[in-house]
Amino acid sequence: MREATPRLEQATHKVIENFMTKMTELLETSMATRRNKRVPATGANEALERFLKFRPPEFHGEVEQEIKAELFLEQLNDIYDTLNYEDALRVTFAAFRLRGIAKDW
């Protein structure tokens, strides 16, 4: 396995930083506009099963996938909106779908 060059490592960190900023902004917007509209899931296991039935995307955090990061968040938010999940479940389930270097943040 090749070692990451400093330049590639900096680019990776920048993508991760941009992704996390965008995720935070989307979650804040989502929380503000949907705070009173959500129905809590009846249980964590049931909530996860319902979420996974939608086949949510995964995000691996590669440098060249910045556009995929935005698409990842949009797709997850569509699922969350359909299921009317609370913010805590949204964040937990988004983290659950991170893979590779994205999971190590």
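Given the structure is predicted, the values throughout are model-derived calculations rather than measurements. (Residues numbered from 1 in each chain as written. Predicted model: local features only at pLDDT ≥ 70, side-chain atom pairs only at ≥ 80, totals over all residues. Heavy atoms only, no water.)

Chemist: Which residues make up empty space enclosed by the protein, and what values go with them?
Modeler: Going through the model one piece at a time under the given rule, you end up with 1 cavity of 30 Å³ or more. In this structure, the largest cavity encloses a volume near 50 Å³. Among the secondary structure elements, those contributing two or more residues to the lining of the largest cavity are α1 (6–34) and α3 (66–83). Among the elements that take part in the lining of the largest cavity, α3 stands out by supplying 4 residues, more than any other. (1 Å grid on protein atoms, 1.4 Å probe; cavity = no way out; pocket = protein on both sides within 12 Å on 5 of 7 lines; lining within 4 Å. Points joined across faces, edges and corners; volume = space filled by probe spheres on them. Helix = DSSP H or I, 4+ residues; strand = E, 2+ residues; numbered from the N terminus.)

Chemist: If you had to explain the environment of Leu52 to someone new, which residues and values would you point to?
Modeler: Structurally, Leu52 can be placed in helix α2 (residues 44–53). Each C-alpha atom, one on Leu52 and one on Arg97, is 10.0 Å from the other, the two residues being 45 residues apart in sequence.

Chemist: Describe the packing of aromatic side chains, with residues and values.
Modeler: Pairs of aromatic rings are described using the distance from one ring centre to the other and the angle between the two planes. Under the counting rule described, the total for this entry stands at 6 aromatic pairs. Aromatic pair Phe19 and Phe72: ring centres 6.0 Å apart, planes at 45°, arrangement tilted. You can see Phe19 sitting in helix α1 and its partner Phe72 sitting in helix α3, a full 53 residues away along the chain. When sorted by exposure, Phe19 lands in the same class as Phe72, which is buried. By way of ring pairs, the aromatic residues Phe51, Tyr80, Tyr85 and Phe93 are connected into one cluster. The positively charged end of Arg99 is found above the aromatic ring belonging to Phe96, 5.9 Å away from the centroid. (Phe/Tyr/Trp six-rings, centres within 6.5 Å; stacked < 30°, edge-to-face > 60°. Buried < 20%, exposed > 50% of the residue type's maximum accessible area, 1.4 Å probe, protein only. Lys NZ or Arg CZ within 6 Å of the ring centre and 35° of its normal.)

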